[in-house]
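# Working through the structure, step by step
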Amino acid sequence: MNKFFSNTILINAFKNCIPVSCTVEITRYCNFRCKHCYVPSDHMLFLPYENAVKFIDQIASKGCLFLTITGGECLSHPNFIEIYKYAFSKNLLISVFTNGSMLNKKHFKLFKKYPPYLVEITLYGFSEETYKDVTGVSSFHNVTSNILKLKKLGINISLKMFVLKNNYNDFSLVKKFSSDNDIPFRFDYIILDKNKLLRDKYQIDSSKIKHLELHNSNVIPTDASITTAWDSAIKEVVPTKLFNCAAGRNSCWLKADNNLYICNFFKKICYNMNEYTFEEAWSRIVNYISAIEKRPGGCFDCAKKEFCGICPVKCENLENDFYMQRGSPIYCLQATCRKEVSEQ
């Protein structure tokens, strides 16, 4: 789907509170043990097939078009293929977020017959040594081989990298691999776990962040017309609201515990789907975020806000600052770098 067209759909849904883009975490289990992972320790939790298809039925009836299937490692779910086929039968555009290590002939056959909208694979380095260090598993050659198999099959894929102290030196190699194989690539480096000790141990320092931001701004080009359209929608619909992102307006997350959340990291409210219909839960979510007004000052008055990826949930997790009055140093640094790039 054309990026401008898909964003037009998302913006219209944002204005009208239509849950057009939903995510379902079908398991918390993962065969990797990444040092920076935020997923709770109950790794063997799987969303029952019946709950997954019930959720899919309900969101499809309410206007959902884009569905992301994630985990944990979603391919580890014993009913992944059945869940995927069911979502496909509902004419949903399916994105699969995976570490790529568990892909096998069944998945290649599935994706060839029922093409996903996107398969996004995370690369954790560019050697077996780095993989072992970051994930606890030596899967580098397996994952890169599977990426190339998907590419050969004509499957729409993209790559991402979470940059840590442990794999920073592999970044340029991962980026080159993506470029050489004509695969879209993005990266992140901000650990959103509330555990500051974990963040300090694995998150890259400010000099490395500046280097990544200043020298890799072209990784995913920004379409100015799309950015302008989103800014206009935000000013029109939520000019005074604390929440001005897509969460709770055109998107939501169902987690493996069968609770519906506003987004991946916001834990203050959730609705158990054994007790509520999706329509009831979605209505409560929309009412919740619509009732919270922003407070003057802080991040909302910052001259760099258009370049910043901060939000109430991220600021709460990192700085215990839900109303974004003080901001977050790492996001301030990110915004400063991106503003500098835009002015070059």
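The present account deals with the structure reproduced in this document. Residue numbers restart at each chain and count upward from 1, following the sequence in its written direction. Given that this is a predicted model, residues contribute local features only at a pLDDT of at least 70 and side-chain atom pairs are listed and counted only at 80 or more, while totals for whole chains, interfaces and linings are drawn from all residues. Side-chain descriptors were evaluated using all non-hydrogen atoms of the structure, hydrogens and water having been removed beforehand.

## Digging into the packing of helix α2 (residues 49-61) against helix α3 (residues 80-89)
In plain terms, the rule: Here the axes come from fitting lines to C-alpha atoms, over the contacting stretch only for helices, and the angles between their N-to-C directions go from 0 to 180 degrees. In this text, helices come from DSSP runs of H or I with a minimum length of four residues, and strands from runs of E with a minimum of two, each type numbered from the N-terminal end. For classification purposes, angles smaller than 35 degrees are called roughly parallel, those larger than 145 roughly antiparallel, those between 65 and 115 roughly perpendicular, and all remaining angles oblique. Should the near helix be turned counterclockwise from the far one by less than a right angle, the crossing is left-handed, whereas a clockwise turn marks it as right-handed. Whether two residues are in contact is decided by their heavy atoms, any of which lying within 4.5 Å being enough. Classes in brief: Ala, Val, Leu, Ile, Met, Phe, Trp, Tyr, Cys and Pro nonpolar; Asp, Glu, Lys and Arg charged; the others, Gly included, polar.
Relative orientation of the contacting elements α2 and α3 amounts to 15 degrees, with a least axis distance of 10 Å. Relative to α3, α2 is oriented roughly parallel. At the point where α2 passes α3, the crossing takes the right-handed sense. Where α2 approaches α3, its residues Y49, A52, V53, I56 and D57 are matched on the opposing element by E82, I83, Y86 and A87. In the contact of α2 with α3, the residues fall into seven nonpolar, no polar and two charged.

## Considering the packing of aromatic side chains
Inclusion rule: Under the pairing criterion, centres of Phe, Tyr and Trp rings, with the six-membered ring standing for Trp, must be within 6.5 Å; the plane angle then separates stacked pairs below 30 degrees from edge-to-face pairs above 60, leaving the rest tilted. For every residue, the accessible area (1.4 Å probe, protein chains only) is compared with the maximum for its type, and the residue is labelled buried under 20%, exposed over 50%, or partly exposed between those bounds.
Counting across every chain of the model gives 23 aromatic pairs. Look at Y131 and F140: their rings are 6.1 Å apart centre to centre, the planes differ by 50 degrees, and that puts the pair in the tilted class. Considered together, Y131 and F140 belong to a single accessibility category, that of buried residues. For the ring pair F322 and Y323, a centre distance of 5.3 Å and an interplane angle of 80 degrees mean the geometry is edge-to-face.

## A look at the pattern of salt bridges
So the rule is basically this: Here, a salt bridge means any side-chain nitrogen of Lys or Arg that lies within 4 Å of a carboxyl oxygen of Asp or Glu.
Overall, the coordinates contain 15 salt bridges when judged by the stated rule. One salt bridge in this structure joins K176 and D180, with 2.6 Å as the shortest N-O distance. Residue K176 and its partner D180 are both found in helix α7 (residues 171-180); the two are separated by four residues, about one turn of the helix. On the basis of relative accessibility, which here comes to 52%, the residue D180 falls in the exposed class. Across the pair E293 and K241 runs a salt bridge whose closest N-O atoms are separated by 2.5 Å. One end of the pair, E293, is in the loop between α11 (278-291) and α12 (312-319); the other, K241, is in the loop between α10 (224-237) and β7 (251-254), and 52 residues separate them in sequence.

## Re the nonpolar core
Selection criterion: Take the buried Ala, Val, Leu, Ile, Met, Phe, Trp, Tyr and Cys residues and link them wherever side-chain atoms come within 4.5 Å; each set so joined is a nonpolar core.
Counting 94 residues, the largest nonpolar core has F80 and F111 as its most contacted members. In terms of residue count, the dominant contributor to this core is α11 (six residues). Those residues in contact with F80, other than ones at most four positions away along the chain, are I26, I69, C74, L75, V96, H107, L110 and F111.

By themselves, these observations are geometric and do not establish any function.
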